[in-house]
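# Summary of structural features
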Amino acid sequence: VNRPPPGDRGGESRLARVRLPHGWAEAVAYHTMDGMSTTEHTEADRLLGLRALPVDNASISIDGMESDEAGLRSGRVSWGRKAGLAFAAFTSLGALGMVAMNAVRGGSADLAQQAELAARAEEEAGLRDADDSLFITGRTLSMMKRTHLSINAIKGGTWFSDVVGLGLGGQEYWYNSTANDHIGSGTVGNVSTEAMEYVNSGRKKICAARSEFSWTNIDQSNEYDMHEFQGAQTTSGPLGPDYWWDLIYTMNTQYDAPSDSNVWNVFLHMGQHMYVDDLTKHVVHLQDKGTPFLARYYTSVAHGDQSTTMYVIFVPNPYNGNVVIIHSGAVGNWHARNLFRALETEACVDAVSLPYPLETLEEWWDDLFVETVNPRELPRPIPIMDSHPVHDYDEVVDYFGPDALNMANWSVVNLVDWSNNATTPGAESGSIGTCSIYTIQMQSQFKSDYQMRYVYTPQAKGFDELGRFVKYVDSNVREVAGFNTGYSRWMDNHIAISLPTYDGQEVEYINYLDQLRPHLEQAKTPYHTHITEVIDGRDTGSIWAWGPGGLGIEWHGTLNYTSFEYPVGNFDFCTADSACQADDRQCNMNGDDDTAGATDKHSRTTK
């Protein structure tokens, strides 16, 4: 897009022609009276915008990290109105009203569509009302973390921080060992030294990197984390994540023609759904940065909110194959609101819609804290649910069912198997085709409700490519990982679920990782178990396991050694199979000395 020189002031607009991979498109450059220049892109222009993908060469180089630790962690800041945050309009927002193509103002759906949505929501009302019994029980499974397999964890973390406005909780490199042998954001002065040792064949070899984000509940007693993780030693097969993430990012940001009315594809369901009180600032920010995104509106199917118009943006992540999905009940500025158009019917509104009413979302949003750099820029999103596209829906249902993992038998969760039976009317066609959703309803680590959704939409674009991806990663995992042995880099892409802590009462649900082991093996699940810490004298760790649909599941809890044999070693980021070595420092929760390998249980330290 041709921008006029900075000194060209005035209120006129100009058309510019943009070269796209499949032809030309027009965009409007509008100049505000205060001299600020904003170029208004069409949706096609936004999606086909700048792409600067890093190359994954199965090794990790040292990227620049912020030298000012205070800039990385400036303390916990309250989210919403309780922190005195007020919505502020940008003076340059007037330019957003000049979109030339695909500008559809959000509004209510027609009465027939609303009636259909209400009827389907009523069918699920009983199940959704059951969420009340899960809220802050302490006995349900809880979503504690989301880890993304990143092709550049440090740059990916910086990208995510910029898109959503969250401050980095930390950035780290690991070398030669497990546990505390790493370089973190608090020791950035060592980064250049360690990098130099690595380049000059020194004894320390950088083998993993991570960026971290954290949310906590109001009393800071529980924490939910999001990790961008990059490993260099584990295998991923001949077509690594660099190939697949680039392919998926291309599908999410490019399409056959700029005039396409339907750009939806199955991989847009591969993401984390969040909530903010207003999307205006995010829209302005993404436009200003030239970050590709989709802007959509839909009618909520949450019980009690069936007539509410919701707004959502989909921001493809170039580093991890996923999509940042941010919802809101408001886009306060009408110029920004003009960017939104109706959600494609192929997307399946039941799969996209947040499952909780606005009143509940607002309560959760107000009562959370987050690591942040500047609380007055972008509204801080609260994680609400994860979604993941699947190619074989029966595989998902069977995996969690009684003949495999048998999840309903040993956990306090709701498992919902929903399908539209291919009868849901679409806005532009007779039917959206089959839409099936398998949902795990639990709670978050910060004590809100949380959902994990597996989404099956075989009529959507990219479905065959999804099948090829799932087949490839599943085959790779099963080639290198078995029952408590081996590891694949694809297992780094996982959700993390925490088991409830044993409270001294005899119950039917599972408290210990040892109790989960036979269920995983009955489900023919590759996994590897590692200790991570000692809490209140209890050995605590995780089972890093594979799962259905090409997505892993980390099960976190306590070990009692009724099934696993002591000692259970730490996760070693510098070995291909994740097993710690005899010469690793702190391999089996050693003390701070340099004792090799496992030591007596009583010498381990609480971390």
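Relevant structure appears above.
First, a word on scope: everything that follows refers to the structure included in this document. (Residues numbered from 1 in each chain as written. Predicted model: local features only at pLDDT ≥ 70, side-chain atom pairs only at ≥ 80, totals over all residues. Heavy atoms only, no water.)

The N-to-C vectors of helix 4 (residues 153–164) and helix 7 (residues 280–289) enclose an angle of 130°; their axes lie 9 Å apart at closest approach. The angle between helix 4 and helix 7 places the two elements in the oblique class. On helix 7, the residues touching Asp 162, Val 163 and Val 164 of helix 4 are His 282, His 285, Leu 286 and Lys 289. (Axes fitted to C-alpha atoms, helices over the stretch in contact; angles between N-to-C directions. Helix = DSSP H or I, 4+ residues; strand = E, 2+ residues; numbered from the N terminus. Parallel < 35°, antiparallel > 145°, perpendicular 65-115°, else oblique. Contact = heavy atoms within 4.5 Å.)

This part covers the packing of aromatic side chains. Taken as a whole, this structure holds 27 aromatic pairs when the rule is applied. Look at Tyr 561 and Tyr 566: their rings are 5.4 Å apart centre to centre, the planes differ by 85°, and that puts the pair in the edge-to-face class. For Tyr 561, a relative accessible area of 19% gives the class buried. Three or more aromatic residues joined by ring pairs make a cluster, and in this case those are Tyr 243, Trp 244, Trp 245, Phe 267, Phe 469, Tyr 472 and Trp 490. (Phe/Tyr/Trp six-rings, centres within 6.5 Å; stacked < 30°, edge-to-face > 60°. Buried < 20%, exposed > 50% of the residue type's maximum accessible area, 1.4 Å probe, protein only.)

This brings us to a negative patch on the surface. A cluster of acidic residues, Asp 392, Asp 394, Asp 398, Asp 403 and Asp 417, forms a negative patch on the protein surface. With respect to the helices and strands, Asp 417 occurs in strand 17 (residues 414–419). (Patch = residues over 30% accessible without salt bridge, like charges linked within 9 Å, V, L, I, M, F, W, Y side chains within 5 Å. Areas by Shrake-Rupley, 256 points an atom, 1.4 Å probe, with all protein chains shown as cover. Salt bridge = Lys/Arg side-chain N within 4 Å of Asp/Glu carboxyl O. Lys, Arg positive; Asp, Glu negative; His and termini not counted. Charge placed at Lys NZ, Arg CZ, Asp CG, Glu CD.)

Time to look at the packing of helix 6 (residues 241–253) against helix 13 (residues 463–480). Relative orientation of the contacting elements helix 6 and helix 13 amounts to 160°, with a least axis distance of 12 Å. Taken as axis vectors, helix 6 and helix 13 run roughly antiparallel relative to one another. Of the two possible hands of crossing, helix 6 and helix 13 adopt the one that is left-handed. Across the interface between the two elements, Tyr 243, Trp 244, Trp 245, Leu 247 and Met 251 from helix 6 touch Glu 465, Arg 468, Phe 469 and Tyr 472 from helix 13. When grouped by side-chain class, the residues that make up the contact of helix 6 with helix 13 number seven nonpolar, no polar and two charged. (Left-handed = near helix turned anticlockwise from the far one by under 90°. Nonpolar A, V, L, I, M, F, W, Y, C, P; charged D, E, K, R; others polar.)

Below, the discussion takes up the state of the cysteines. Summed over the entire model, instances satisfying the criterion amount to two disulfides. With a sulfur-sulfur separation of 1.7 Å, Cys 207 is cross-linked through a disulfide to Cys 574. Taken together, the residues span a long stretch of sequence, with Cys 207 in strand 8 (residues 206–217) and Cys 574 in the segment after strand 23 (552–558) at a distance of 367 residues. Classification of Cys 207 as buried rests on a relative accessible area of 1%. You can call Cys 574 buried: its relative accessible area is 18%. (Disulfide = S-S within 2.5 Å.)

Cis geometry is found at the peptide bond from Tyr 566 to Pro 567, where omega equals 0°. Structurally, the position occupied by Pro 567 is in the segment after strand 23. A positive phi angle, close to 60°, is found at Tyr 561, a residue other than glycine.

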